[in-house]
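Descriptive structure summary
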Amino acid sequence: MKAIAEELGMDPVLIERAAHLMPAGSSESALERVLGGPIKLRLDAYLAAELTEEKAAHLLALVRAAAEQQGEGEATASGMSWHSVGDGSQVLVNVHPEGDGTRVRLMMDRRGGLAIIGTFSLLGALSVGIVTLIGLETLDVSSVVVGWTVFGGLVTGALAAGRAVWASNTRKVRDHMSSLLATISRSLEDDVGGASVE
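Remember, predicted model here, so these are calculated numbers, not experimental data.

**Topic: the overall build of the protein**
Within the protein, the secondary structure is distributed over six helices and five strands. Order of helices (α) and strands (β) in the protein, N terminus to C terminus: α-α-α-β-α-β-β-β-β-α-α. Of all intrachain contacts in the protein linking residues separated by at least 6 positions in sequence, the fraction that spans at least 24 positions is 57%. Surface summary for the protein: the accessible area is close to 11500 Å², and the carbon and sulfur share equals 60%.

Rendered as structure tokens:
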């Protein structure tokens, strides 16, 4: 691909950088397809750039600025590590030397966020269902089939809304993780002062 890009007048370095930003291949489970997105996300890249202690410290500062949540981390000659603290979704960023280059790994465990969204969706579905049944009883709707059909439809709608929120959150999280990986990649490939957080 790099050779083709060069023939077309494109910078092969940009093609290599884009290839590094591709997510690690993983197939979603049936549960994750039903939910509308994965519970755990992981991005993995190998960069042909040396990781020095100075660059590790610079990366830690970049990650702290770009993470948008509280966290703890350290930067040493053996690499950089940062993880979130006290949030529904747990994030881990790990950058360490590997061979002649650097391995970058971003992971997010979203079980906490799923629990929050799931709880609100279920509470919303039950609340809507109970209010509907009370309303149908008050209106003296005598058909049991109509009552349970309306109840089921509203509960299903509330659960579908929760799934839509989860799917939307999944897209935002993927975009944020990709942006963070791109920032780390640019910082490693450029001079230490040359990267900026987007």
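**Some details on the side chain of Thr170**
You can see Thr170 is positioned in helix 6 (residues 144-189). Residue class for Thr170 comes out buried when judged on its relative accessible area of 2%. Engagement of the side chain of Thr170 in a polar contact is seen with the side chain of Arg110, the distance being 2.9 Å. What Thr170 contacts, discounting residues up to four positions off in sequence, is Gly36, Gly37, Pro38 and Arg110.

**Section: the nonpolar core**
Met80, Val93, Val95, Leu106, Ile184 and Leu188 are the most contacted members of the largest nonpolar core, which has 27 residues in total. Those elements giving two or more residues to this core turn out to be strand 1 (40-47), helix 4 (53-66), strand 3 (79-84), strand 4 (90-98), strand 5 (101-109) and helix 6. Not counting residues within four places of it along the chain, the set of residues in contact with Val95 comprises Leu51, Leu59, Gly79, Met80, Thr102, Arg103, Val104, Ile184 and Leu188.

**Digging into the pairing of strand 3**
As paired elements, strand 2 (residues 71-76) and strand 3 share six bridges and run antiparallel to each other. Along strand 3, the bridge assignment pairs Gly73 with Trp82. The hairpin turn running from strand 2 into strand 3, its antiparallel successor, is two residues long. In this structure, strand 3 lies alongside strand 4, joined through four bridges in antiparallel fashion. Its bridge partner lying in strand 4, Ser81 is registered against Asn94.

**Focus: the sheet that holds strand 1**
The strand order across the open sheet formed by five strands is 1-5-4-3-2, and the pairing between neighbours is antiparallel. The open sheet terminates on both sides in strands that have one partner only, identified here as strand 1 and strand 2. Shown here is a sheet whose adjacent strand axes are inclined to one another by a mean of 5°, direction ignored. Pairing between strand 4 and strand 5: nine bridges, direction antiparallel. By the bridge assignment for strand 5, Gln90 is matched with Asp109. Contacts from helix 4 reach strand 2, strand 3 and strand 4 within the one sheet, and its direction differs from that of strand 3 by about 15°.

**Re the environment of Leu154**
Here Leu154 shows up in helix 6. With a relative accessible area of 36%, Leu154 lands in the partly exposed category. Each C-alpha atom of the pair Leu154 and Thr132 lies 8.1 Å from the other, and the pair is 22 residues apart in sequence.

Conventions we followed
- The residue numbering used here restarts from 1 in each chain and proceeds along that chain's sequence as written.
- Local features in this predicted model are restricted to residues whose pLDDT is 70 or higher, and side-chain atom pairs enter the listing and the counts only when it is 80 or higher, whereas totals over whole chains, interfaces and linings include all residues.
- The side-chain numbers reported here are obtained from all heavy atoms of the structure, hydrogens and water having been left aside.
- Here a helix means four or more residues in a row that DSSP labels H or I, a strand means two or more in a row labelled E, and each is numbered from the N terminus.
- Residue contacts are counted whenever heavy atoms from the two residues lie within 4.5 Å of one another.
- Note on areas: Shrake-Rupley, 1.4 Å probe, and residue coverage restricted to the protein chains presented here.
- Relative accessibility thresholds used throughout: buried, under 20% of the residue-type maximum; exposed, over 50%; partly exposed, between the two (1.4 Å probe, protein chains only).
- The definition of a polar contact used here is a pair of N or O atoms within 3.5 Å, where within protein one atom must be able to donate a hydrogen and the other to accept one, and adjacent residues in sequence count solely through side-chain atom pairs.
- Here the nonpolar core consists of buried residues drawn from Ala, Val, Leu, Ile, Met, Phe, Trp, Tyr and Cys, with membership extended through side-chain atoms lying within 4.5 Å.
- One requirement defines pairing of two strands: DSSP has to find at least two bridges between them.
- Only C-alpha atoms enter the line fits that serve as axes; for helices the fit covers just the stretch in contact. Angles between N-to-C directions range over 0 to 180 degrees.

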